[in-house]
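Residue strings, one per chain:
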Amino acid sequence: MNPSDLGTIALPEPETLEQTGLAESLIEQLIVKILYFRGDLYGQDLSRAVGLRFSVIQDIVESLKLRHQVQVKRSLGVGNVGAVFALTEAGRARAHEYLEANQYAGPAPVPLEQYCEVVRHQKPREGWLTREALRRAFKGMVLTEQVLNQMGPAVSSGASLLIYGKPGDGKTFLVEQLRNLETMAIYVPYAIECQGNIVQVFDPIYHQPLEEAEPSVLTVALEGSTDRRWIKCKRPFIVSGGELSLDMLDLRFNQNSKIYEAPFQLKANNGIYLIDDFGRQRATPAEVLNRWIVPMERRVDYLSFLTGGKMTVPFEAFLVFSTNLNPADLGDEAFLRRIQYKMLMRGPAENEFIRIFEGFCNQRRLPFAKGLVQRFIDRRYRLTGKVFRRCHPRDVLTHALNIIHFEKLPFELNEQILDRAYESCFVQEEESAPMGDAIIMPASVQNCADHWGDKLAHIPTAFGTLAYVTSFRNRTSGGYYEVTSVREYGEAETTRALARLHTQSFREWLNLNLEQQCRDLALHVASTEGGVTRLRMDLPELSRHLVPADASAAESQLFASDLMTVLETVSPRPQPQALDDDDWQAPQVKPRDRVA
């Protein structure tokens, strides 16, 4: 690897087992476990799962076949690449033995020596960062040249930085913008092998893969490819807050899978690791700094296995501590000396504050009158002595937008809304002077739905409720109208409420069984003038009128059928009585009715 090509390192795929740096037994165990978990696999798919060319693992597969642990179920006729491999019963028994050691069944791990070499070659070379690149990363932020001058050398060095200042001045936000830096991609291994242990490094939460076309096995065989035990990613950006404890900074052993998980600083190699709210972690600042004194000075870290063994790994993460505490409270001078760069994030000047305020308004397309911001500053900051913070414009304007949306006010910022938003953002001092009369809200404000709910609550039957709601429905247009409700709540709200109640009462009656429907309709007709006769007269049209617009065709048909059945059950039509021949009499016809 050429040091002049730092950041554009090439990782050729191993062509032999020796080039992988791994023991044959480890690859064999991996093949058996992959077949155990995934079932039957083509040779090509097995090669992809292991992360190595099939030519590298072919001898191992042949050995497994000879020992009757792997069998070929079928073949496409293009050699072992096109054959379907599966475990035999002996192979499954051997898989159980291997799983007792560990349950890792991902791509083949990378030996620790190869990992260390790649990480050091991926370290950015001196002078990699320019002022223009850093300015582009901070695009959209309102910053001074002084901040740029302080951040630039610290980021370029990749060493360590303590950024401190008052809460709300944008320390965390500033560091988070570093993820926008245009840097070369890096390679992250899926796992590392050391002393027979497997350490998982790749974490999809923190490592963002860069999409690349998956080469076929034949293409790889002819043209070569990148080592598939590594995945190409953006440089990681990892953040730990108050949840950080000392055990998170060492290898963590999973008792079930018997695999180690890499600590945060190992996952952050060749990237940025931000310790946010430093001093508020579960571990004390002294414990954290003690843990990293050697790594920060020597650029190596020492991690411990459960068995007592040690693993020495590169410490090539740009370590950033962000705190709103006094640095003197974090540790003594010897501790702070280990952190190479220190930066005080001061509060914004007035012109910065105005730019941030106007920028947020423009971003949210919130219009405001000329001079509004200056008057706000004079009234709320200059007269009271309140200190500017970079978060204030965002917080106050977010509250102002919430007031506008809640009260359905015109979408424009004015002094009254701004003052109300300010008062809801910050703790106010209690006033000792008595307050004047306040505007008291009415005891209860009834909405349209409640208004109709109260009306329908007095109707004892489900069918009666349905009939009452549809009495306000226009049979031609299908709309709903009731004079008092429209005057009180508006036509649109009345229509919405009645349409919802129509559907609700319709389905409520339809969900009753036939016996319940009969009792309900009998009670309704008994209390209604005209009763059954009125229902029979207009039954087809009434059935259509009672069905809401959003009912399905099946619901409409079922309703018409149920209504007719229930109506006949509640009040059957009188059947004509059969007469004997002796009782039959010819109808009497009046003389004026006779036909000549």
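Counting restarts for each chain: residues are numbered from 1 in the order of the written sequence. Thresholds applied to this predicted model are a pLDDT of at least 70 for local features of residues and 80 or more for the giving and counting of side-chain atom pairs; totals over whole chains, interfaces and linings are not thresholded and use all residues. In computing side-chain properties, one takes all heavy atoms of the structure into account and sets aside hydrogens as well as water.

Caption draft 1: Structural context of the overall build of the chain. The secondary structure listing takes helices from DSSP runs of H or I that are at least 4 residues long and strands from runs of E that are at least 2 residues long, numbered from the N terminus. Summing up its helical and strand segments, the chain has 25 helices and 17 strands in all. The burial tally for the chain puts 45% of its 596 residues in the buried class. In the chain, the share of contacts with a sequence separation of at least 24, taken over all contacts with a separation of at least 6, comes to 74%. Using a 1.4 Å probe, accessible areas were evaluated by the Shrake-Rupley method; residue-level cover was limited to the displayed protein chains. Carbon and sulfur atoms provide 51% of the accessible area of the chain, an area that totals close to 33,100 Å². Note on classification: 1.4 Å probe, protein chains only; a residue is buried when its accessible area is under 20% of the maximum for its type, exposed when over 50%, partly exposed between these limits. Only heavy atoms matter for contacts: two residues are in contact if any of them lie within 4.5 Å across the pair.

Caption draft 2: Summary view of the environment of Leu 546. Residue position: Leu 546 is located in helix α24 (residues 539-546). The spacing of Leu 546 and His 502 is 44 residues in sequence and 8.3 Å in space, taken between C-alpha atoms. Ignoring sequence-local partners within four residues, the contact set of Leu 546 consists of Phe 463, Leu 466, Ala 467, Thr 470, His 502, Phe 506 and Phe 559.

Caption draft 3: Fine view of the pattern of salt bridges. The salt bridge definition used is simple: a Lys or Arg side-chain nitrogen within 4 Å of an Asp or Glu carboxyl oxygen. Tallied over the entire structure, the rule returns 32 salt bridges. A salt bridge links Arg 382 to Asp 378; the shortest N-O distance between them is 2.1 Å. One end of the pair, Arg 382, and the other, Asp 378, are both in helix α15 (residues 372-382), four residues apart, so they sit about a helical turn from each other. Given a relative accessible area of 46%, Arg 382 falls into the partly exposed group. Using a relative accessible area of 28% as the deciding quantity, one classes Asp 378 as partly exposed. In this structure, a network of salt bridges that share partners links the residues Arg 375, Arg 379, Arg 380, Glu 415, Asp 419 and Glu 423.

Caption draft 4: Representation of the sheet that holds strand β3 (residues 83-87). The pairing criterion for strands is at least two bridges between them, as found by DSSP. Spatially, three strands are ordered β1-β3-β2 in an open sheet, and the strand pairing comes out antiparallel. The sheet is open, and its two borders are formed by β1 (41-42) and β2 (70-75), each paired with just one other strand. Summarising the sheet, β1 and β3 pair through two bridges and their orientation is antiparallel. The residue of β3 that forms the bridge with Tyr 42 is Val 84.

Caption draft 5: Up close: empty space enclosed by the protein. The method works on a 1 Å grid over the protein atoms by themselves. A cavity is a set of points holding a 1.4 Å probe that cannot get out, a pocket is an open set with protein on both sides within 12 Å along at least five of seven lines, and residues with an atom within 4 Å of a point line them. Grid points are joined across faces, edges and corners, and a volume is the space filled by probe spheres set on the points. Evaluation of the coordinates by the stated rule reveals one cavity of 30 Å³ or more. By volume, the largest cavity is sized at about 60 Å³. Put simply, the parts of the chain that give the lining of the largest cavity at least two residues each are α6 (112-121), β6 (186-189) and α11 (264-267). For the lining of the largest cavity, the leading source of residues is β6, giving four residues. Looking at the lining of the largest cavity residue by residue, the classes come out as eight nonpolar, three polar and one charged. In this count, Pro and Cys sit with the nonpolar residues alongside Ala, Val, Leu, Ile, Met, Phe, Trp and Tyr, while Asp, Glu, Lys and Arg are called charged and the others, Gly among them, polar.

Caption draft 6: Looking closely at the side chain of Arg 390. Of note, Arg 390 is situated in the loop between α15 and α16 (392-407). In protein, a polar contact requires one atom able to donate a hydrogen and another able to accept it; more generally it is a pair of N or O atoms within 3.5 Å, and residues adjacent in sequence count only if both atoms are side-chain atoms. In terms of polar contacts, Arg 390 uses its side chain to reach the backbone carbonyl oxygen of Arg 346, at 2.5 Å. Of note is the side chain of Arg 390, whose polar atom sits 3.1 Å from the side chain of Glu 352. If we ignore the near neighbours within four places in the chain, the residues touching Arg 390 are Val 142, Gly 168, Asp 169, Met 345, Arg 346, Gly 347, Pro 348, Glu 352 and Ile 356.

Caption draft 7: Quick peek at the pairing of β6. Alternating residues of β6 divide into Ile 186 and Val 188 and Tyr 187 and Pro 189, and every residue in both groups is buried. As paired strands, β6 and strand β9 (residues 230-233) are joined by four bridges and run antiparallel to one another. Paired with Pro 189 across the strands is Trp 230, a residue of β9.

Caption draft 8: Geometry of the packing of aromatic side chains. Geometry of aromatic contacts follows a simple scheme: Phe, Tyr and Trp rings, the Trp one being its six-membered ring, pair when their centres are within 6.5 Å, and the pair is stacked under 30 degrees between planes, edge-to-face over 60, tilted otherwise. Applying the stated criterion across every chain, the model contains 26 aromatic pairs. Taken together, a centroid distance of 6.1 Å and an interplanar angle of 50° make the contact between Phe 264 and Tyr 273 tilted. Tyr 273 matches Phe 264 in its accessibility class, with the two residues each being buried. Linked through ring pairs, Phe 353, Phe 357, Phe 368, Phe 376, Tyr 381, Phe 388, Tyr 422 and Phe 426 together constitute an aromatic cluster. We count a charge as sitting over a ring when the NZ of a lysine or the CZ of an arginine lies within 6 Å of the ring centre and within 35 degrees of the ring normal. For Lys 386, the ring lying beneath its charged end belongs to Phe 426, and the centroid distance is 4.3 Å.

Caption draft 9: Broad picture of unusual backbone geometry. In this structure, Gln 195 is a non-glycine residue whose phi angle is positive, near 55°. Inspection of the secondary structure assignment puts Gln 195 in the loop between β7 (191-194) and β8 (197-200). The backbone of Lys 408 sits at a positive phi, close to 55°, despite the residue not being glycine. Inspection of the secondary structure puts Lys 408 in the loop between α16 and α17 (415-425). According to the relative accessible area criterion, Lys 408 is exposed, its value standing at 69%.

Caption draft 10: Representation of α15 in the model. Turning to α15, its buried residues number three or more, namely Leu 372, Val 373, Phe 376, Ile 377, Arg 380 and Tyr 381. Along α15, the residues classed as buried sweep out an arc of 130° about the axis, all on the same side. Buried positions along α15 lie against α14 (350-363), α16 and α17. Directions are taken from the helix axis to each C-beta atom, and the arc is the one they span.

Caption draft 11: Structural detail: the sheet that holds strand β17 (residues 341-344). The strand order β10-β13-β16-β5-β17 describes an open sheet built from five strands, whose pairing is parallel. Pairing within the sheet leaves two strands with one partner each, and these edge strands are β10 (237-240) and β17. Strand after strand, the sheet turns through a mean of 15° between neighbouring axes, direction not considered. The pairing of strand β5 (residues 160-164) with β17 spans four bridges and is classified as parallel. By the bridge assignment, Ile 163 is partnered in β17 with Met 343. Every axis corresponds to a line fitted to the C-alpha atoms, with the helix fit spanning only the stretch in contact, and the corresponding angles, defined between N-to-C directions, vary from 0 to 180 degrees. Where helix α12 (residues 285-298) meets the sheet, its contacts fall on β5, β13 (272-275) and β16 (318-323), and the angle it forms with β16 comes to roughly 150°.

Caption draft 12: Structural detail: the packing of helix α19 (residues 462-470) against helix α22 (residues 514-526). Relative orientation of the contacting elements α19 and α22 amounts to 60°, with a least axis distance of 7 Å. Judged by the angle between their axes, α19 and α22 are oblique. Contacts from Ala 462, Phe 463, Gly 464 and Ala 467 of α19 reach α22 at Asp 520, Leu 521 and His 524. A breakdown of the residues in the contact of α19 with α22 according to their chemical character gives four nonpolar, two polar and one charged. Here the word oblique covers every angle except those under 35 degrees (roughly parallel), over 145 (roughly antiparallel) and from 65 to 115 (roughly perpendicular).

Fair warning: the whole summary comes from geometry, so function is off the table for now.
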